[in-house]
Amino acid sequence: MSPDRLLLWDLDETLVTTGGAGERSFERAAEEVFGVSISMDDIDYSGRTDSAIGSLVQQVCGLPENDESIDRYLASFLHFLPIELPLNKPRVLPGVERLTSMVLESNSHAQGLLTGNLAAGAKIKLKYFGLWERFLFGAFSDDSSQREELGPVAMKRATTAYNKTFTAENTVVIGDTLRDVSCAHAFGARCLAVASGSHSVEQLRSAGADCVVDSLEDEVAVDFIGIDC
């Protein structure tokens, strides 16, 4: 039996929390590449792609947008990320080990990544937690700076990875931000939103998430995905 239902996972604050490693790496990269001191607290980066964050950092620094300098900035970010990652108690979030394992054992479900991370950054993070191999494919910031454009990329790669055509109606995006919700609905998928990041249950529900939980340990999440325990 081949899978006919697809789960597309956001990464930060959905699968794992890095204890601020990403934010610190962006800040250190700004110092190294642009010669400026910034605080990510001043930037609305939640749910954005890494390349979009690079553009925002340039704007905050009063620098002209330049693709070459953004590339250098993101390369510096990737250099600092594995240095910062172990420093502040990073962890896999509750329910993630169980749910991703259930999908691996399921005949009816497949899973991949749909994240604003660069592919290299996603690999650094998920390898650290031993989760990288659970996902056969992904759509990343490398594919588009606009998160709403990543859904069709993920669907195409799912088809290649599983030699199976999935439909948006049978696809669930799992994420923690308002942009995860809008990304899902942009290509007709449903959204399971988890209030494990910066947005509350009420905010995620108001944004139109199809199901909202406080934690992926909640049995409501399992029921919504439709995996038998």
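Everything here concerns the structure above.
Residues numbered from 1 in each chain as written. Predicted model: local features only at pLDDT ≥ 70, side-chain atom pairs only at ≥ 80, totals over all residues. Heavy atoms only, no water.

(A) Main features of the packing of helix 3 (residues 67-84) against helix 5 (residues 119-128). Running from N to C, helix 3 and helix 5 point in directions that differ by 5°, and their axes come no closer than 10 Å. Between helix 3 and helix 5, the interaxial angle falls into the category roughly parallel. Here Leu 78, Leu 81 and Pro 82 of helix 3 lie close against helix 5, whose contacting residues are Ala 120, Gly 121, Ile 124 and Lys 125. Of the residues that constitute the contact of helix 3 with helix 5, the class distribution is 5 nonpolar, 1 polar and 1 charged. (Axes fitted to C-alpha atoms, helices over the stretch in contact; angles between N-to-C directions. Helix = DSSP H or I, 4+ residues; strand = E, 2+ residues; numbered from the N terminus. Parallel < 35°, antiparallel > 145°, perpendicular 65-115°, else oblique. Contact = heavy atoms within 4.5 Å. Nonpolar A, V, L, I, M, F, W, Y, C, P; charged D, E, K, R; others polar.)

(B) The arrangement of the nonpolar core in detail. Grouped together as the largest cluster of nonpolar side chains are 30 residues, with contacts concentrated most on Trp 9, Leu 15, Leu 126, Leu 192 and Leu 216. When near neighbours in sequence (up to four residues on either side) are disregarded, Trp 9 contacts Thr 14, Leu 15, Leu 99, Thr 100, Gln 111, Gly 112, Leu 113, Leu 114, Thr 115, Phe 135, Ile 174 and Leu 216. Among the nonpolar cores identified, the runner-up in size contains 24 residues, and Val 173, Cys 183, Ala 193 and Leu 204 belong to it. (Core = buried A, V, L, I, M, F, W, Y, C linked by side-chain atoms within 4.5 Å. Buried < 20%, exposed > 50% of the residue type's maximum accessible area, 1.4 Å probe, protein only.)

(C) Local environment of the packing of aromatic side chains. Scanning the model with the defined rule gives 6 aromatic pairs in all. Ring centres of Phe 26 and Tyr 73 lie 6.0 Å apart, and the angle between their planes is 25°; this geometry places the pair in the stacked category. Taken together, the residues Phe 26 in helix 1 (residues 21-34) and Tyr 73 in helix 3 connect sequence positions 47 residues apart. A relative accessible area of 0% means that Tyr 73 is categorised as buried. Seen from their ring centres, Tyr 162 and Phe 166 are 6.0 Å apart, and the 90° between their planes marks the pair as edge-to-face. Taking relative accessible area as the criterion, Phe 166 reaches 6% and is therefore assigned buried. Pairwise contacts between aromatic rings join Phe 26, Phe 34, Tyr 73 and Phe 77 into one cluster. (Phe/Tyr/Trp six-rings, centres within 6.5 Å; stacked < 30°, edge-to-face > 60°.)

(D) Expanded view of the pairing of strand 4 (residues 109-114). With 6 of 6 residues buried, strand 4 lies mostly within the body of the structure. Side chains of strand 4 alternate between two faces, with His 109, Gln 111 and Leu 113 and Ala 110, Gly 112 and Leu 114 buried alike. Both strand 1 (residues 5-9) and strand 4 contribute to a ladder of 5 bridges, which runs parallel. Paired with Arg 5 across the bridge in strand 4 is His 109. (Pairing = 2+ DSSP bridges.)

(E) Looking closely at the pattern of salt bridges. Evaluated as defined, the whole model comprises 12 salt bridges. Across the salt bridge formed by Arg 28 and Glu 84, the nearest N and O atoms sit 2.8 Å from each other. Of this pair, Arg 28 sits in helix 1 while Glu 84 sits in helix 3, placing them 56 residues apart in sequence. We classify Arg 28 as partly exposed; its relative accessible area is 34%. The partner of Asp 44 in a salt bridge is Arg 179, and the shortest N-O contact between them spans 3.5 Å. With Asp 44 in the loop between helix 1 and helix 2 (50-60) and Arg 179 in helix 7 (residues 178-186), the pair connects residues that are 135 residues apart, well separated along the chain. (Salt bridge = Lys/Arg side-chain N within 4 Å of Asp/Glu carboxyl O.)

(F) Geometry of the layout of surface pockets. Roughly 520 Å³ of volume is contained in the largest pocket. Elements supplying a minimum of two residues to the lining of the largest pocket: helix 1 and helix 2. Its residues placed into classes, the lining of the largest pocket shows 6 nonpolar, 13 polar and 12 charged. (1 Å grid on protein atoms, 1.4 Å probe; cavity = no way out; pocket = protein on both sides within 12 Å on 5 of 7 lines; lining within 4 Å. Points joined across faces, edges and corners; volume = space filled by probe spheres on them.)

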